[in-house]
Structures are given as C-alpha cells and as structure tokens.
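Summary of structural features
So you can see what is in the structure, the chains are spelled out below.
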Amino acid sequence: MIHYNLRCAKGHAFESWFQSSSAYEVQEKRKLVSCPVCGSTKVERAIMAPQIVSKKGRERAAPEPPPAPATVEAAPTSPTPLLMAQEQELRTKLKELRDHIVKNADNVGERFPNEARKMHYGDIEHRPIYGEASPDEAKALIDEGVEVMPLPTLPDDRN
C-alpha cells in the first residue's frame, strides 16, 4: 500500500491510500480519483517528504510532520478517507450489477461469441446471456458492432 497526499485543481488537499503507484496512475487516468471537497477529478500528487530512518534513527521517535501550508485546507481527519468510502460504494454497485446479470441471464460459457453474433444478426431470438470470450474474440465482436460488455471482476472474487 502507498499513501499519497493529493491536491485538486482548486487547491483542496486530501490524502488516500493506493495498492501501488501504478494503481494510483490507472485510477487517476480513468478519472476515478476525485476531491472529497469539490468533486474535481483534476487531481495531482502533492509534494511529500519521505521519511527515511537510519539504523540510529530507529531507536528514536519519528519526527513530527511539517505543518500544512496556510493557504491549503487541512485534510479530513476521518479514519477512512472519503475516496475509500466512494470506492466501497462503487464495488457494492458493481457486485449488485454482476449478481443481477448472473441471476437473470443464461450462462452460455465458451459459446458466448457465437451466440452473441447469432442474436446480433437475427439468426436467433434476443435474450440476456453471458459467458466467456478471449480478448481477441471480444474485440472482433465489438468491431462487428455486437454490443458486449465484460462482467465486472472485483478483488474479492479472487479468494
């Protein structure tokens, strides 16, 4: 996990945790990182001073962090950052969406690309389906104009 101090385009300062620096970059690029004060997705990492501790320093108490600049609002002090609450809400909604699809659609497994094509071209009746397709098969379907969408996979699914 990595902790970032962040700042939006309007100067609001806040902080959040990410699984890695690349996870932050992916979320920021997809506009998933937003300011908890104004909702802006124009967010950048604020300057941070890393805490480096020498062998001698490990025996001493950690130094106090420098005070936040006077022109920037203080970060929220809640134990769970707002972004994490928003992320949890999004995950809950994605799980509900996936569960609804699984409950109300037919799992056609590896036949998915062929079944989707048949419905698209009117060879069989339209019905809700889901199944498996390789990235190349999914791209081919999209290139043909077949409307497909991946089922959301959540971190909890890998247990």
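Residues numbered from 1 in each chain as written. Predicted model: local features only at pLDDT ≥ 70, side-chain atom pairs only at ≥ 80, totals over all residues. Heavy atoms only, no water.

Things to note about the state of the cysteines
For the structure on display, the rule yields zero disulfides. Here Cys-8 stays unpaired: no disulfide links it, and the sulfur of Cys-38, its closest cysteine neighbor, is 3.8 Å away. Here Cys-38 stays unpaired: no disulfide links it, and the sulfur of Cys-35, its closest cysteine neighbor, is 3.8 Å away. The class for Cys-38 is partly exposed, based on a relative accessible area of 30%. (Disulfide = S-S within 2.5 Å. Buried < 20%, exposed > 50% of the residue type's maximum accessible area, 1.4 Å probe, protein only.)

Considering the pattern of salt bridges
Overall, the coordinates contain ten salt bridges when judged by the stated rule. The salt bridge involving Arg-127 is made with Asp-106; its shortest N-O contact spans 3.0 Å. One end of the pair, Arg-127, is in the loop between α3 (112–120) and β5 (129–131); the other, Asp-106, is in strand β4 (residues 106–109), and 21 residues separate them in sequence. We note a salt bridge from Arg-117 to Glu-144, for which the minimum N-O separation is 2.8 Å. Here the residue Arg-117 occupies a position in helix α3, and Glu-144 occupies one in the segment after α4 (135–143), the gap between them amounting to 27 residues. Judged by relative accessible area, which is 31%, Glu-144 ranks as partly exposed. When salt bridges with common partners are traced through the structure, they connect Asp-106, Arg-111, Glu-115 and Arg-127 into a single cluster. (Salt bridge = Lys/Arg side-chain N within 4 Å of Asp/Glu carboxyl O. Helix = DSSP H or I, 4+ residues; strand = E, 2+ residues; numbered from the N terminus.)

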